[in-house]
Amino acid sequence: MLGITLEETRFYREAKEEGIEQGIVQGIVQGREQEGRALILRQLNRRLLNRRVGTLPESITTRIADLSIEQIETLAEELLDFQSIEDLDVWLENLPQGD
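Here is what the cut-offs are and how they apply
- Residues numbered from 1 in each chain as written.
- Predicted model: local features only at pLDDT ≥ 70, side-chain atom pairs only at ≥ 80, totals over all residues.
- Heavy atoms only, no water.
- Helix = DSSP H or I, 4+ residues; strand = E, 2+ residues; numbered from the N terminus.
- Buried < 20%, exposed > 50% of the residue type's maximum accessible area, 1.4 Å probe, protein only.
- Lys, Arg positive; Asp, Glu negative; His and termini not counted.
- Salt bridge = Lys/Arg side-chain N within 4 Å of Asp/Glu carboxyl O.
- Polar contact = N/O pair within 3.5 Å; in protein donor to acceptor, adjacent residues only side chain to side chain.
- Contact = heavy atoms within 4.5 Å.
- Core = buried A, V, L, I, M, F, W, Y, C linked by side-chain atoms within 4.5 Å.

## Describing the side chain of R37
Then step 1. As for its position among the elements, R37 is in helix α1 (residues 10–50).
Then step 2. Here R37 is buried and forms no salt bridge, its nearest opposite-charge partner E33 lying at an N-O distance of 4.1 Å.
Then step 3. Reaching out from R37, the side chain makes a polar contact with the backbone oxygen of A65 at a distance of 2.7 Å.
Then step 4. The contacts of R37, once residues within four sequence positions are left out, are I64, A65, D66, L67, S68 and I72.

Here it is as structure tokens:
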């Protein structure tokens, strides 16, 4: 009608830029969560190997993979006080459901 396409409108360009920015932020957050989980697992495995008790059971690894970023940050602080794999198991068991 007016000879312009949707892609040429200011609204479209701004919406596209906003979508790109949101995608970048989401990617950063997801990357941070993955890095946090990987760091926790490395720390736990190293600690267990130093104590010569083996590696983390798959069930615990899976539970850690499901943690939110806030829970990962809390676990990173708490694991410094853990004396055994049982301490980790108890900590995971006591997490509020739905987090």
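## Side note on the nonpolar core
Most often, soluble globular proteins keep nonpolar side chains buried together rather than apart.
Then step 1. Judged by nonpolar contacts, the single largest core of 15 residues is most densely connected at I64, L67, L75 and L88.
Then step 2. If you list the elements that add at least two residues to this core, you get α1, α2 (58–65), α3 (69–78) and α4 (85–93).
Then step 3. Apart from the residues lying within four places of it in its own chain, the contact partners of L88 are L44, L56, I60, I64, L75 and F82.

## A closer look at the environment of A38
Then step 1. Turning to its location among the elements, A38 is positioned in helix α1.
Then step 2. Judged by relative accessible area, which is 30%, A38 ranks as partly exposed.
Then step 3. Taking the C-alpha atoms as reference points, A38 and T61, 23 residues apart in sequence, are found 9.9 Å from one another.

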